[in-house]
Amino acid sequence: KPSLVIEAMKLKPGMAVADLGSGSGYFTRRFVEAVTETGMVYAMDVEQEMLAYVKESIGHMHIPFTTEFILAQPDNPKLPMESVDLLFLCNVYHHLENRTTYFSNVKSALKVGGRIAIIDFYHDDRSGNVGFPKRHLIPRETVVAELTQAGYKLNREHTFLPRQYFLEFVPAAP
């Protein structure tokens, strides 16, 4: 339900969105449309080939856009300070290591009012067949605990995805 996901995040032209683990660009292309050329989309992946694919696919959309393609390190997304309104992860959280440290470090990239949106598969029967062992999946409660420990608070939870949780976090007040 990608259009519902985009709608739920209330993206507007001029916003800056970082697509962490952009992969094939499934959401990256939708972010480009949502924030228009007045906004900024950071497509971030640890594989250069995926970034090249995303860049080419956005070019085929034949619309003006402002996008940066970042070859991220597994422990560092390499985002500029106070650069993003939204850091987005879809089916990526379970790939990250040292998540509490990672998200504690990424806080500096968020603009004032910035947030993190995490969509990932439930670790139980709700997710159905995900094509890989479910032991790799992270329970929703663990995500909330780790982000809380990293200095965030759960701000919103969307429940319209039957196989995945969809959580939005904001930095906790100091």
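Residues numbered from 1 in each chain as written. Predicted model: local features only at pLDDT ≥ 70, side-chain atom pairs only at ≥ 80, totals over all residues. Heavy atoms only, no water.

## A few points about the pattern of salt bridges
Thinking step 1. Considering all chains together, one arrives at six salt bridges under this definition.
Thinking step 2. Of the charged contacts, one joins Asp-124 and Arg-126 as a salt bridge, the two residues approaching to 2.8 Å between their closest N and O atoms.
Thinking step 3. Here Arg-126 falls in the partly exposed class, since its relative accessible area comes to 44%.
Thinking step 4. A salt bridge links Arg-140 to Glu-157; the nearest nitrogen and oxygen atoms lie 2.8 Å apart. Here the residue Arg-140 occupies a position in helix 5 (residues 140–149), and Glu-157 occupies one in strand 6 (residues 152–158), the gap between them amounting to 17 residues. (Salt bridge = Lys/Arg side-chain N within 4 Å of Asp/Glu carboxyl O. Buried < 20%, exposed > 50% of the residue type's maximum accessible area, 1.4 Å probe, protein only. Helix = DSSP H or I, 4+ residues; strand = E, 2+ residues; numbered from the N terminus.)

## Topic: the pairing of strand 7 (residues 164–171)
Thinking step 1. Counting buried positions along strand 7 yields seven of eight residues, so the element is predominantly enclosed.
Thinking step 2. Looking at chain direction, strand 5 (residues 110–121) and strand 7 are connected through six bridges and run antiparallel. Its bridge partner being in strand 7, Ile-118 is matched across the sheet by Leu-167.
Thinking step 3. Here strand 6 folds back onto strand 7 in antiparallel fashion, the turn holding five residues. (Pairing = 2+ DSSP bridges.)

## With respect to helix 4 (residues 99–106)
Thinking step 1. Within helix 4 the residues assigned to the buried category are Arg-99, Thr-100, Tyr-102, Phe-103 and Val-106. Seen along its axis, helix 4 keeps its buried residues to an arc of 160°; they face one direction.
Thinking step 2. Where the residues of helix 4 are buried, they touch strand 1 (16–20), strand 4 (84–90), strand 5, helix 5 and strand 6. (Arc of directions from axis to C-beta. Contact = heavy atoms within 4.5 Å.)

## Considerations on the packing of aromatic side chains
Thinking step 1. Within this structure, the stated rule accounts for eight aromatic pairs.
Thinking step 2. With 6.0 Å between their ring centres and 25° between their planes, Phe-27 and Phe-31 make a pair best called stacked.
Thinking step 3. For Phe-27, a relative accessible area of 8% puts it in the buried group.
Thinking step 4. Residue classification places Phe-31 among the buried positions, given a relative accessible area of 0%.
Thinking step 5. Taken together, the ring pairs in this structure connect Tyr-26, Phe-27, Phe-31 and Phe-88 into an aromatic cluster.
Thinking step 6. For Lys-107, the ring lying beneath its charged end belongs to Tyr-152, and the centroid distance is 5.1 Å.
Thinking step 7. A cation sits over an aromatic face here: Arg-126 above Tyr-122, 3.6 Å from the ring centre. (Phe/Tyr/Trp six-rings, centres within 6.5 Å; stacked < 30°, edge-to-face > 60°. Lys NZ or Arg CZ within 6 Å of the ring centre and 35° of its normal.)

## Here's the deal with the nonpolar core
Thinking step 1. Core analysis: the largest hydrophobic core is formed by 31 residues, its most contacted members being Leu-79, Leu-87, Leu-89, Phe-103 and Ile-116.
Thinking step 2. If we ignore the near neighbours within four places in the chain, the residues touching Leu-89 are Leu-20, Leu-96, Phe-103, Ile-116, Ala-117, Ile-118 and Ile-119. (Core = buried A, V, L, I, M, F, W, Y, C linked by side-chain atoms within 4.5 Å.)

## Notes on the layout of surface pockets
Thinking step 1. Empty space within the largest pocket amounts to approximately 660 Å³.
Thinking step 2. Taken together, 31 residues line the largest pocket, and the ones lying closest to its centre are Leu-20, Gly-21, Cys-90, Asn-91 and Val-92.
Thinking step 3. Listing elements by their share of the lining of the largest pocket, those giving two or more residues are helix 1 (2–8), strand 1, strand 2 (40–45) and strand 4. (1 Å grid on protein atoms, 1.4 Å probe; cavity = no way out; pocket = protein on both sides within 12 Å on 5 of 7 lines; lining within 4 Å. Points joined across faces, edges and corners; volume = space filled by probe spheres on them.)

## As for the sheet that holds strand 2
Thinking step 1. Taken in spatial order, the seven strands of this open sheet run 3-2-1-4-5-7-6, and their pairing is mixed. Since the sheet does not close on itself, it has two edges, and those belong to strand 3 (67–71) and strand 6, each with one partner. Looking at each pair of strands side by side, their axes are set apart by 20° on average, direction ignored.
Thinking step 2. Sheet strands in contact with helix 3 (residues 48–59) are strand 2 and strand 3, and its direction is about 170° off that of strand 3.
Thinking step 3. In the packing of helix 5 onto the sheet, the strands contacted are strand 5, strand 6 and strand 7, and the crossing angle to strand 7 comes to about 10°. (Axes fitted to C-alpha atoms, helices over the stretch in contact; angles between N-to-C directions.)

These figures capture arrangement, not role.
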